[in-house]
Amino acid sequence: MKTLTSKQRAALRGAANTLDPVFQVGKGEIGPAMIEAVSKCLAARELIKIKVLENSEYSAKEAAQILAEATGAQCVQVIGRKFVLFLQKDKDSDFTALLAAAR
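Report follows, based on the coordinates.

## Description of the overall build of the protein
- If you tally the helices and strands in the protein, you get four helices and four strands.
- For a compact globule of 103 residues, the expected C-alpha radius of gyration is about 13 Å, and the protein comes in at 13 Å, within 12% of that figure.
- C-alpha extents for the protein along the principal axes are approximately 40 × 25 × 20 Å.
- In the protein, buried positions account for 39% of the 103 residues.
- When the accessible surface of the protein is summed, it comes to about 6100 Å², and 49% of that surface belongs to carbon and sulfur atoms.
- Computing the positive centroid from 15 side-chain charges and the negative centroid from 11, the protein places the two 7 Å apart.

Put into structure tokens, the structure is as follows:
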């Protein structure tokens, strides 16, 4: 997957603005079950927001990096205790037009 340009990243940040977090990273480690669940969610939605709880052993940046590498996704942004991941579908992507316009 090619890296996102700053304009594409900005367009995805705008799209993610209204999203609610679909996962929470809590006390435990980021294990295979969570990675698989995030991967399936990315395959369905492409753009997801994840929240890191205060009792987590990970910072939002660390959790974003771990999950992005494990799922093949790209980290769009990290703000506070939340981060946004993006993994574009090969076919029928909802974000093709958005990314093309932001080139």
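## What about the nonpolar core?
- If you look at the biggest cluster of nonpolar residues, it comprises 19 residues, and the most contacted ones within it are Val25, Val38, Ile48, Ile50, Leu67, Phe83 and Leu85.
- Breaking this core down by element, the ones donating at least two residues are strand E1 (23-25), helix H2 (32-45), strand E2 (47-52), helix H3 (60-71) and strand E4 (82-86).
- A per-element tally of this core places H3 first, with five residues.

## With respect to H2
- Along its 14 residues, H2 runs 20 Å from first to last C-alpha, staying within 8% of the 20 Å computed at 1.5 Å per residue.
- Taken residue by residue, H2 has Met34, Val38, Cys41 and Leu42 as its buried positions. Projected down its long axis, H2 shows its buried positions confined to an angular sector of 100°, all on one face. Exposed and facing more than 90 degrees away from the buried side of H2 are Pro32, Ala33, Lys40 and Ala44.
- Lining the buried residues of H2 we find E1, E2, H3 and E4.

The rules behind each value
- Residue positions are given per chain, counted from 1 along the sequence in the order it is written.
- Since the coordinates come from a predicted model, pLDDT governs what is reported: local features require at least 70, and pairs of side-chain atoms require 80 or more to be given and counted, while whole-chain, interface and lining totals use all residues.
- Heavy atoms throughout the structure, all of them, feed into the side-chain values; hydrogens and water do not.
- The numbering of helices and of strands both runs from the N terminus, where a helix is a DSSP run of H or I of at least 4 residues and a strand a run of E of at least 2.
- Radius of gyration here uses only the C-alpha atoms, and the compact-globule reference equals 2.2 Å multiplied by the residue count raised to the power 0.38.
- For every residue, the accessible area obtained with a 1.4 Å probe (protein chains only) is divided by the maximum for its type, and the residue is called buried under 20%, exposed over 50%, and partly exposed between those limits.
- In this description, accessible areas are obtained by the Shrake-Rupley approach with a 1.4 Å probe, and a residue is regarded as covered only by the protein chains that are shown.
- Lys and Arg are tallied as positive, Asp and Glu as negative. Neither His nor the chain termini are counted.
- The atoms used to mark charge sites are NZ of Lys, CZ of Arg, CG of Asp and CD of Glu.
- We define a nonpolar core as any set of buried Ala, Val, Leu, Ile, Met, Phe, Trp, Tyr and Cys residues linked to one another through side-chain atoms lying within 4.5 Å.
- A helix is expected to reach a length of 1.5 Å times the quantity of its residues less one.
- As used here, the arc belongs to the directions running from the helix axis to the C-beta atoms.
- Whether two residues are in contact is decided by their heavy atoms, any of which lying within 4.5 Å being enough.

Take it as geometry only, folks, not as evidence of what the structure does.
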